[in-house]
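Residues per chain, in single letters:
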Amino acid sequence: MLWHATKRTGFYLLVIGIVFISIFPFYYAIITSFKSGTALFEINYWPTSFSLANYTQVLTTGSFPRNLANSLLIASVVVAISLLLAVTASFALSRVRFGGRSLLLFTILAVSMFPQIAVLSGLFELVRFFGIFNTPFALIFSYMIFTLPFTVWILTTFMRDLPIEIEEAAIVDGASPWVIITKVFLPLMWPALVTTGLLAFIAAWNEFLFALTFTSSNNTRTVPVAIALLSGNTQYEIPWGNIMAASVIVTVPLVVLVLIFQRKIISGLTAGGVKG
Amino acid sequence: MAIAETIDVAEKSAGSDLFRQRVRSAWLFLTPMLVVLAVVAGWPLLRSIYFSFTNASLTNIEAAQWVGFDNYLSITTLKSGRVIYDGLLVDPLWWKSVWNTVRFSVVSVILETIIGMMVALVLNAEFRGRGIVRAAILVPWAIPTIVSAKMWAWMLNDQFGIINDILLHLGLISQKIAWTANPDTAMLAVLMVDIWKTTPFMALLILAGLQMIPGDIYEAAKIDGVHPVKVFFKVTLPLVRPALMVAIIFRMLDALRIFDLIYVLTANNAQTKTMSVFARENLFDFDKFAYGSAASTMLFLILTVITVVYIIVGKVNFEGGR
């Protein structure tokens, strides 16, 4: 009995440990973001002050609102284009048998695991050639390299699990593949599209390397780059309060979305085995 | 990649005209996606490899001229008879960044696998509040890498950081440590943040594997009185292995290309400079565009070799995870 109780206690201690370590850094960022002035440099474990100074400063001075708009625009357009291209492609990859399909699927998987630095100099040349350097188009274009392969991959795994019967009737009626996609598959695919779109959105929202390389002015940057480069009045003064406020602003929507859609996200992640 | 064979049967019985029409439209549907991937991935990859054999500079890419393998290794014999070796393959800074990357990747993936397995086993057990734990571990995953780097940089701050404060109170350290600046602890700091951020992903992939194991196997083991540790090594581990192998290779490839966390958390620290950081810094900060391209090409080669060896040696089956 005693042994059983010890085991139970140990298990719950482990559970509490996991939850504490997962959440504490974000909790600490939130309480830091509400501190201003010298309070910032006192170490407190509990919320001690509630000042919105950091938030007003981040949102009214500098280019942070603009960076937020950039990120929102870029991530949304990237999701829209990827889904559009991926739906038709994954129909072909999952429902039609043709030569070279396995090789194609494997290539797509390989591209999704690509080290982005390996294409950086070639992409840089292309971005300059197209004349889109330092514009949102450069990022929308380059983000396709990671959103497209993995949306195709996840939608393909989803679509091939759909029963053949639903398609057969349409084929017998003489429906064209395009009609089959839009009238038969699309209505069934909303859950998968939401999950995939959300994962692609998060990936585009968080991207750093391309955003750092293909934009060069405060007004064209996305939030990750803006936060990384946020600096104070002098080189040696790091505005921790502002950085934490900006971090909370960009993270809260993501955390809320992820918690709302957690079941879908988990199934999407494990189906695609994509990176986080 | 076995895909429902039933489709074939349907296709063949429906007549070959229809089948041909389906294949035609399949390629039509695939073309836009393939064109985009070719332009955004294929072509830039080839150009990057090409640049590594030229003397291209950032300010004048167009004037790039072929120089053969000079960026990788060039051997010059001086009049005095001295031989000078130059290039990436004899650059100690490059090899240092290769070593940093490999060390980081191996340590982080091993620890993430072990901790991820623990978390997955916890989540696989039935207890009250399981939903809360699962939601909690999604938080680190949802936080952007740059944000987590900044959050941890603040917690690891030498003067005002809470980590030093906790450790001082617990008596584990006697004076404050400059975690991200100190050469001895910089890698530790990076590992800490990376493990915190990516273990949830590992745990969820392993959990998916665990949930595919039928419950009656455990029942049988319990009735036979097999020790739980033995059950784990003899039953759970072999059955979850396919999912685990896929999770490990995904994490490994991700770790080997790490850039953002290190760029933000321990900028300019020689102890944590990875291959990606080395390549980007040469490409855009040092105006050694061709040399940086050579570094990124090498990185690509190294990753490809590791992946191929892993898939062959580990007999990885990408379908195994599901």
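Definitions and cut-offs
- Each residue is numbered by its place in its chain's sequence as written, counting from 1.
- Here every chain gets a letter starting at A, and every ligand a number starting at 1, in the order they are written.
- Reporting of local features is limited, given that this is a predicted model, to residues whose pLDDT is at least 70; pairs of side-chain atoms are given and counted only at 80 or more, and all residues count toward the totals for whole chains, interfaces and linings.
- The basis for every side-chain value is the complete set of heavy atoms in the structure, and neither hydrogens nor water enter the calculation.
- UniProt positions are given in the numbering used here, feature names are shortened, and annotations may be inferred rather than shown by experiment.
- Helix and strand assignments follow DSSP, with helices taken as H or I runs no shorter than four residues and strands as E runs no shorter than two, numbered in order from the N terminus.
- For two strands to pair, DSSP has to find at least two bridges joining them.
- You can read pLDDT as the predictor saying how much it trusts each residue, on a scale of 0 to 100.
- The contact definition used throughout considers only heavy atoms, calling two residues in contact when any of these lie within 4.5 Å.
- Exposure classes here rest on a 1.4 Å probe applied to the protein chains alone. A residue is buried below 20% of its type maximum, exposed above 50%, and partly exposed in between.
- Residues belong to one nonpolar core when they are buried, are Ala, Val, Leu, Ile, Met, Phe, Trp, Tyr or Cys, and are joined through side-chain atoms within 4.5 Å.
- A domain assignment, automatic or from a database, supplies the domain bounds used here.
- The term buried area denotes the loss of accessible surface (1.4 Å probe radius) that occurs when two parts are joined, taken as the sum for both partners.
- Lys, Arg, Asp and Glu make up the charged group, whereas Ala, Val, Leu, Ile, Met, Phe, Trp, Tyr, Cys and Pro make up the nonpolar group; the residues left over, Gly among them, are polar.
- Inter-axis angles, ranging from 0 to 180 degrees, are taken between N-to-C directions of lines fitted to C-alpha atoms, where helices are fitted over the stretch in contact.
- Every angle not falling under 35 degrees, over 145, or within 65 to 115 is termed oblique; those three ranges are roughly parallel, roughly antiparallel and roughly perpendicular.
- Two helices that cross are described as forming a left-handed crossing if the nearer one is turned anticlockwise from the farther one by less than a right angle, and a right-handed crossing if clockwise.
- Should a side-chain nitrogen of Lys or Arg be within 4 Å of a carboxyl oxygen of Asp or Glu, the pair is scored as a salt bridge.

### Regarding the UniProt feature "transmembrane region" (unreviewed entry) in chain A
All names here are of chain A.
Phase 1: According to UniProt, the "transmembrane region" (unreviewed entry) feature falls on residues 12-31, 72-91, 103-124, 136-155, 184-205 and 240-261.
Phase 2: End C-alpha atoms of residues 72-91 are separated by 29 Å, and the span's content is 100% helix alongside 0% strand.
Phase 3: The span residues 103-124 shows a helical share of 68% and a strand share of 0%, and its end C-alpha atoms are spaced 29 Å apart.

### Comments concerning the pairing of strand S2 (residues 83-86) of chain B
Residue and element names in this part refer to chain B.
Phase 1: One ladder, built from four bridges, connects strand S1 (residues 74-77) with S2; its direction is antiparallel. Along S2, the bridge assignment pairs Ile-75 with Tyr-85.
Phase 2: Taking the residues between adjacent antiparallel strands as the criterion, S1 and S2 are bridged by five residues, where Gly-81 takes a positive phi near 95°.

### Overview of the confidence of the model for chain B
Any region with low pLDDT has predicted coordinates that should not be read closely.
Residues and elements named next belong to chain B.
Phase 1: Averaged over all residues, the pLDDT of chain B equals 88, while 93% of them reach at least 70.
Phase 2: Low pLDDT, under 50, characterises residues 1-6; the predicted model gives this stretch 13 contacts beyond four residues in sequence or across chains.
Phase 3: Complex prediction metrics read pTM 0.89 and ipTM 0.90.

### As for the UniProt feature "domain: ABC transmembrane type-1" (unreviewed entry) in chain B
Phase 1: UniProt feature "domain: ABC transmembrane type-1" (unreviewed entry): in the numbering of this structure it lies at residues 98-312 of chain B.
Phase 2: Each end of residues 98-312 of chain B is marked by a C-alpha atom, and these two atoms are 23 Å apart; helix forms 76% of the span and strand 0%.

### Section: the environment of B:Leu261
Residues and elements named next belong to chain B.
Phase 1: Looking at the element boundaries, Leu-261 is found in helix H10 (residues 260-265).
Phase 2: According to the relative accessible area criterion, Leu-261 is buried, its value standing at 3%.
Phase 3: Sequence-distant contacts of Leu-261, that is, excluding residues within four places in its chain, are made with Thr-145, Ala-149, Val-190, Val-193, Asp-194 and Thr-266.

### Quick word on the nonpolar core
Phase 1: Counting residues in hydrophobic clusters, the biggest one holds 198 residues, and the most contacted among them are A:Tyr143, A:Ile145, A:Phe210, A:Phe214, B:Leu88, B:Trp141 and B:Phe289.
Phase 2: Among the elements that line this core, the one with the most residues is helix H6 (residues 136-159) of chain A, at 15 residues.
Phase 3: Looking at which domains feed residues into this core, each of domain 1 (1-51) and domain 2 (63-275) of chain A gives three or more.
Phase 4: Setting aside residues up to four positions removed in sequence, A:Tyr143 forms contacts with A:Ile74, A:Val78, A:Ala204, A:Glu207, A:Phe210 and A:Ala211.

### Concerning the domain arrangement of chain A
Residue and element names in this part refer to chain A.
Phase 1: Structurally, chain A comprises domain 1 (1-51) and domain 2 (63-275).
Phase 2: Domain 1 and domain 2 are separated by 33 Å when their C-alpha centres are compared.
Phase 3: At the interface, six residues of domain 1 touch eight residues of domain 2.
Phase 4: When domain 1 packs against domain 2, close to 540 Å² is buried across both sides, 90% of that on carbon and sulfur atoms.
Phase 5: It is Phe-26, Ala-29 and Ser-33 in domain 1 that bury the most area against domain 2; as a group they hold 64% of the surface buried on that side.
Phase 6: Here the residues of the side of domain 1 that touches domain 2 are counted per class, giving four nonpolar, two polar and no charged.

### Regarding the packing of helix H7 (residues 165-172) of chain A against helix H8 (residues 177-206) of chain A
All names here are of chain A.
Phase 1: Running from N to C, H7 and H8 point in directions that differ by 160°, and their axes come no closer than 11 Å. Between H7 and H8, the interaxial angle falls into the category roughly antiparallel. In this structure, H7 crosses over H8, and the sense of that crossing is right-handed. Each of Ile-166, Glu-167, Ala-170 and Ile-171 in H7 lies in contact with H8, whose residues at this interface are Ile-180, Val-184, Phe-185 and Leu-188.
Phase 2: Classifying every residue of the contact of H7 with H8 gives seven nonpolar, no polar and one charged.

### Quick notes on the interface of chain B and chain A
Interface size is often expressed as the accessible area that is lost when the parts come together.
Phase 1: Across the contact, 97 residues belong to chain B and 107 residues belong to chain A.
Phase 2: For the pair chain B and chain A, the summed buried surface comes to about 9200 Å²; carbon and sulfur atoms form 76% of the total.
Phase 3: A per-residue breakdown of the area chain B buries against chain A is headed by B:Phe29, B:Trp141 and B:Trp154, which together make up 9% of the total.
Phase 4: Counting every contact that joins chain B to chain A gives one salt bridge.

### A closer look at the side chain of B:Arg134
Phase 1: The residue B:Arg134 is located in helix H4 (residues 130-142) in this model.
Phase 2: Setting aside its immediate chain neighbours within four residues, B:Arg134 contacts A:Gln262, A:Arg263, A:Ile266 and B:Leu123.

### Thoughts on the pattern of salt bridges
Phase 1: Tallied over the full model, the rule gives six salt bridges over all chains.
Phase 2: Here A:Glu125 ties to B:Arg47 by a salt bridge, and the two come within 2.6 Å at their closest N and O atoms. In this pair, A:Glu125 sits in helix H5 (residues 120-130) while B:Arg47 sits in helix H2 (residues 16-51), so the two residues belong to two different chains.
Phase 3: With a relative accessible area of 18%, A:Glu125 lands in the buried category.
Phase 4: B:Asp194 is the salt-bridge partner of B:Arg251, the closest N and O atoms lying 3.3 Å from each other. One end of the pair, B:Arg251, is in helix H9 (residues 228-256); the other, B:Asp194, is in helix H7 (residues 186-210), and 57 residues separate them in sequence.
Phase 5: The structure contains a network of salt bridges with shared partners spanning B:Glu112, B:Asp194, B:Arg251, B:Asp254 and B:Arg257.

### Some points on the UniProt feature "transmembrane region" (unreviewed entry) in chain B
Residues and elements named next belong to chain B.
Phase 1: The feature "transmembrane region" (unreviewed entry), as annotated in UniProt, sits at residues 26-46, 102-123, 135-155, 186-210, 231-253 and 289-313 in this numbering.
Phase 2: Between the C-alpha atoms that bound residues 135-155 the distance is 23 Å, and the span itself is 90% helix and 0% strand.
Phase 3: What you have in residues 231-253 is 100% helix and 0% strand, and the ends, taken at the C-alpha atoms, are 31 Å apart.

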